[in-house]
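Descriptive analysis of the structure
Given next are the chains, with one letter for each unit.
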Amino acid sequence: MNSKLPIAVSGVRPTGKQHLGNYFGAVKNFVKMQDIFNGYFFVADYHSLTTHPNAADLRDKSKNVALIYLACGLDPNKCALYLQSDVPQIPELYLIFNMHAYLGELEREATFKEKVRDQPNNVNAGLLTYPVLMTVDIIIHKALKVPVGKDQQQHVEMSRDFVRRFNNLYKVDYFPEPEPFSFAEKLVNVPSLDGEGKMSKSKPDHTCIYLEEEPDVIRKKVMRMVTDSGPKEPNSAKPLIIQNVFDMMKLVSSEETLKQFEDAYNNCSIRYGDMKKQLGEDMVLFLSPIREKIKELSADEKKLYEILGDGGSKARTSAAQTLKDVREIIGLKSF
Ligand code: ADP
Ligand code: TRP
């Protein structure tokens, strides 16, 4: 890691298999960022506890996220790759920051409201203070940039509020205000295959393409994408379900292929069956190297644990300094 570079932090919750949305919304950016930022990339296992996973499941899924990070191209020599729960300074700073987060703002947060609707029997305090823990993940390394998808934008906004509040209260200019980051002009939103909202592991299996998916399953899922009877007039606007197919193609196909289907759409000669067939093949080509790499890496567990151990140690060093400073700023004395 190069300490002269600006700092970036991001994490992925180990709640299930990783999919194309996770790749394009998050991990792809991490990989590009590791050369120009001092990157701290982690498995957000504490965050997963809000949904009460069983221990074996949590372990497997955490390992899987770490494997995916590596398979997609994160290089442990360039960045710190670690488990959130390996950094005890995080829960300590979380406790401190909980004193600066107000019930009203936490209750108004969109993901919290969604969870209250979706899991009414498990509205725990950890869910409520989820944005505080996320803030701490970011600021414990004094990060400036947070590569996340659109759905996480509000959380990063909240972390800016918490930071500003802390700096104002203690009259310091200690924490920088973190910003969401993407290389694309707009934050990427990978659509669900059924055309309804974003691709997500909490949606039905057939609406989601996983990074480890076998070629035949990819082809089948793509062919099932909903389309319509085609444009009736040249150069007409695309309905959302059709735009989704084009958006997917933009992610994995070549510019020429995309243009070919754009032209066909605009002159009303498009055949969605052909388009989906092509999209399926391009998706298979795109995902095959990642799938193979995951298989290869999962055969060497010891190496994976060494990498995570080393990343944890880098993260603890950076976190310990921040916590020491914060304790001083707020008047906690260590004996
Ligand atoms: P999920 O919705 O499947 O549970 P997570 O909430 O674990 O996904 O998201 C992990 C990361 O992947 C976040 O940075 C998030 O913004 C990004 N991400 C997830 N789904 C998408 C999507 N469909 N499009 C773009 N980015 C996404
Ligand atoms: N909340 C993020 C998600 O669901 C995961 C996450 C936890 C995160 N802490 C973070 C992302 C810090 C960026 C920075 O995807």
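Residue indices follow the written sequence of each chain, beginning from 1 at its first position. Key to labels: chains lettered from A, ligands numbered from 1, both in the order written. In keeping with the model being predicted, local features are shown solely for residues with a pLDDT of at least 70 and side-chain atom pairs are shown and tallied solely at 80 or more, while totals for entire chains, interfaces and linings include all residues. Side-chain measures here rest on the full set of heavy atoms in the structure, leaving out hydrogens and waters.

Here we look at the site of ligand 1
This is how it is decided: Near is defined per residue: the residue qualifies when any heavy atom it owns lies within 4 Å of the molecule or strand. Counted as a polar contact is a pair of N or O atoms within 3.5 Å, where, for protein atoms, one must be capable of donating a hydrogen and the other of accepting one, and residues adjacent in sequence contribute only when both atoms are in side chains. The protein chains shown are the only cover counted for residues, whose accessible areas, like all others here, come from Shrake-Rupley with a 1.4 Å probe. Three classes are used: nonpolar for Ala, Val, Leu, Ile, Met, Phe, Trp, Tyr, Cys and Pro, charged for Asp, Glu, Lys and Arg, and polar for all others, with Gly counted as polar.
Neighbouring ligand 1 are 17 residues; His19, Asp151, Val190, Lys198 and Lys201 lie closest to it. A distance of 3.2 Å separates a nitrogen atom of ligand 1 from a polar atom in the backbone of Gly21. Between a nitrogen atom of ligand 1 and a main-chain N or O atom of Val190, the distance comes to 2.8 Å. In isolation ligand 1 offers 540 Å² of accessible surface; the protein chains occlude 94% of this area. Residue classes in the shell around ligand 1 are distributed as five nonpolar, eight polar and four charged.

Let's talk about the site of ligand 2
As a reminder, the rule being used: Segments assigned H or I by DSSP are reported as helices when at least four residues long, segments assigned E as strands when at least two residues long, and all are numbered from the N terminus.
Around ligand 2 sit 13 residues in total, of which Arg13, Tyr130, Met134, Asp137 and Gln152 are the nearest. At 3.2 Å from an oxygen atom of ligand 2 is found a side-chain nitrogen or oxygen belonging to Arg13. Residue Asp137 places a side-chain N or O atom 2.7 Å away from a nitrogen atom belonging to ligand 2. Here ligand 2, which alone exposes 360 Å², has 92% of that area covered by the protein. Elements with a minimum of two residues in the shell around ligand 2: strand 1 (7-12) and helix 8 (130-139). No other element matches the four residues that helix 8 contributes to the shell around ligand 2. Looking at side-chain class alone, the shell around ligand 2 contains seven nonpolar, four polar and two charged residues.

Side note on the nonpolar core
Note the threshold: Residues belong to a common nonpolar core when they are buried Ala, Val, Leu, Ile, Met, Phe, Trp, Tyr or Cys residues joined through side-chain atoms within 4.5 Å. Summary of the burial criterion: residues with accessible area below 20% of their type's maximum are buried, those above 50% are exposed, and those between are partly exposed, where the area comes from a 1.4 Å probe applied to protein chains only. Domain start and stop points were drawn from an automatic or database domain assignment. Contact criterion: two residues are considered in contact whenever any of their non-hydrogen atoms come within 4.5 Å of each other.
Among the nonpolar cores identified, the biggest contains 59 residues, and Leu20, Tyr69, Met248, Leu279 and Met283 are the most heavily contacted of them. At nine residues, helix 13 (residues 272-298) tops the list of elements feeding residues into this core. Three or more residues apiece are contributed to this core by two domains, here domain 1 (7-189 + 300-330) and domain 2 (212-294). Excluding residues that lie within four positions of it along the chain, Met283 makes contacts with Leu20, Ile209, Ile218, Val222, Met248 and Val252. Counting residues in each nonpolar core, the second largest holds 39 residues, with Tyr40, Leu106, Val136 and Ala319 among its members.

Some remarks on helix 12 (residues 255-266)
Rule in force here: Helix span, as expected, comes to 1.5 Å for every residue beyond the first. Our arc is simply the arc of the directions from the helix axis toward the C-beta atoms.
Look at helix 12: 16 Å from first C-alpha to last across twelve residues, which is about the 16 Å you get at 1.5 Å a residue. Where helix 12 is concerned, the buried positions are Thr257, Leu258, Phe261, Ala264 and Tyr265. Considered in projection along helix 12, the buried side chains sweep an arc of 125° and stay on one side of the axis. With respect to the buried face of helix 12, the exposed residues turned more than 90 degrees away are Glu255, Glu256 and Lys259. If you follow the buried residues of helix 12, they end up packed against helix 11 (240-252) and helix 13. Looking one or two places after helix 12, you find Cys268, whose phi comes out positive at around 65°.

Examining the domain arrangement of the protein chain
For the record, the criterion: Accessible surface is computed with a 1.4 Å probe, and the buried area is the amount of it that two parts give up when combined, taken over both parts together. Definition used for salt bridges: Asp or Glu carboxyl oxygen within 4 Å of a side-chain nitrogen of Lys or Arg.
Taken as a whole, the protein chain is organised into domain 1 (7-189 + 300-330) and domain 2 (212-294). Just the C-alpha atoms count here: the centres of domain 1 and domain 2 sit 33 Å apart. Each side of the interface is counted separately: domain 1 has eight residues, and domain 2 has ten residues. A combined buried area of about 860 Å² lies between domain 1 and domain 2, and 78% of that area is made up of carbon and sulfur atoms. Counting the surface domain 1 buries against domain 2, the share from its top three residues, Leu20, Phe24 and Ala71, is 53%. At the junction of domain 1 with domain 2, the criterion picks out zero salt bridges. Counting across the interface, domain 1 meets domain 2 through zero residue pairs in polar contact (both at pLDDT 80 or more). For the side of domain 1 that touches domain 2, the secondary structure elements donating two or more residues are helix 1 (20-33) and helix 3 (55-72). Ranked by residue count, the leading element in the side of domain 1 that touches domain 2 is helix 3, at four residues. Residues that form the side of domain 1 that touches domain 2 fall into these classes: six nonpolar, one polar and one charged.

Some remarks on the side chain of His19
Relative to the helices and strands, His19 resides in the loop between strand 1 and helix 1. A polar atom in the side chain of His19 sits 3.0 Å from the backbone nitrogen of Gly21. Sequence-distant contacts of His19, that is, excluding residues within four places in its chain, are made with Met199, Ser200, Lys201, Cys208, Ile209, Tyr210 and Leu211.

A look at the pattern of salt bridges
Two side chains carrying opposite charge are able to pair once their charged atoms lie near each other. The full count for this structure, using the stated rule, is 23 salt bridges. Put simply, Asp263 and Lys259 hold a salt bridge, and the shortest N to O gap is 2.8 Å. Pair noted here: Asp263 and Lys259 are both in helix 12, with a separation of four residues, about one helical turn. Connected through shared salt-bridge partners, Arg160, Asp161, Arg164 and Glu177 make up one network.

Focus: the packing of aromatic side chains
For clarity, the threshold we go by: Note on aromatic pairs: the rings of Phe, Tyr and Trp (six-membered ring only in Trp) are paired at centre separations within 6.5 Å, and the planes decide the class, stacked below 30 degrees, edge-to-face beyond 60, tilted for the rest.
Taken as a whole and judged by the stated rule, the model has 15 aromatic pairs. Each ring, one from Phe97 and one from Phe166, has its centre 5.2 Å from the other, and the planes form 20°; the classification is stacked. Here the residue Phe97 occupies a position in helix 4 (residues 89-98), and Phe166 occupies one in helix 9 (residues 153-169), the gap between them amounting to 69 residues. Considered together, Phe97 and Phe166 belong to a single accessibility category, that of buried residues.

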